[in-house]
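Breakdown of the fold
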Amino acid sequence: MAAANSLFTFASPDDSPGFLLWQASNLWQREIKKALDQFGLTHAQFVVLASAYQLGQQSAPVTQVALAEHARIDKMMTSKLLRTLEGKALLVRTEHEHDTRAKAIELTPAGTKMLVQATWALEEFDATFFGVLGAQQPSLGQLLKQLLGTAEKGASPTT
């Protein structure tokens, strides 16, 4: 703990879980960007493709609203990402068969192929990146789920 007259609670930034999480997140994002560059995808685009695929396996048709909720991405951002992916011919948006206000989202064969290849690359990346944690890796996942679960309930993780 820092001295009583210090501006910061922690004696060193390396003692602050928030600062460490921020640094780790930045490192992970930088490295995952490198892994996805070969596919011409951003991480957000990959998440939308993967989510569309996953939702499509569960039920059809997949809507933009369902996709945004599943991926936990803002609806407007989801729309922008979908337009970009549609422009790359990785997915198509067609009229929804039951809801005239909604669009049905489906991966194209090229989108599915790209997703499979990118998924292999990202799973290899994650195995290497998080592999340094060894047996503690599942604990990190549980801690992050705990933080996210608390936030999703409308409460701050600190309350």
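Scroll up a little and you will see the structure.
Residues numbered from 1 in each chain as written. Predicted model: local features only at pLDDT ≥ 70, side-chain atom pairs only at ≥ 80, totals over all residues. Heavy atoms only, no water.

Moving on, we come to the nonpolar core. Counting residues in each nonpolar core, the largest one holds 29 residues, and the members touching the most others are Leu41, Leu49 and Leu67. Contributions of two or more residues to this core are made by helix 1 (17–37), helix 2 (43–58), helix 3 (64–71), helix 4 (75–87), strand 3 (103–107) and helix 5 (109–131). If sequence neighbours within four positions are ignored, Leu67 has contacts with Val48, Ser51, Ala52, Leu55, Val62, Thr78, Leu82 and Ile105. (Core = buried A, V, L, I, M, F, W, Y, C linked by side-chain atoms within 4.5 Å. Buried < 20%, exposed > 50% of the residue type's maximum accessible area, 1.4 Å probe, protein only. Helix = DSSP H or I, 4+ residues; strand = E, 2+ residues; numbered from the N terminus. Contact = heavy atoms within 4.5 Å.)

Take the packing of helix 2 against helix 4 next. The N-to-C vectors of helix 2 and helix 4 enclose an angle of 85°; their axes lie 10 Å apart at closest approach. One element, helix 2, and the other, helix 4, form an angle in the roughly perpendicular class. The residues of helix 4 that touch helix 2, namely those facing Ala44, Gln45, Val48 and Leu49, are Leu81, Leu82, Thr84 and Leu85. The class makeup of the residues in the contact of helix 2 with helix 4 is six nonpolar, two polar and no charged. (Axes fitted to C-alpha atoms, helices over the stretch in contact; angles between N-to-C directions. Parallel < 35°, antiparallel > 145°, perpendicular 65-115°, else oblique. Nonpolar A, V, L, I, M, F, W, Y, C, P; charged D, E, K, R; others polar.)

This next bit is on the environment of Thr63. Relative to the elements of secondary structure, Thr63 occurs in strand 1 (residues 62–63). Sequence spacing of Thr63 and His98 is 35 residues, and the spatial spacing of their C-alpha atoms is 11 Å. When near neighbours in sequence (up to four residues on either side) are disregarded, Thr63 contacts His96, Ala102, Lys103 and Ile105.

This structure, assessed with the given rule, holds three aromatic pairs. With centroids separated by 5.5 Å and ring planes inclined at 35°, the aromatic side chains of Phe125 and Phe129 adopt a geometry described as tilted. Here Phe125 and its partner Phe129 are both found in helix 5, four residues apart, which amounts to about one turn of the helix. Using a relative accessible area of 14% as the deciding quantity, one classes Phe125 as buried. (Phe/Tyr/Trp six-rings, centres within 6.5 Å; stacked < 30°, edge-to-face > 60°.)

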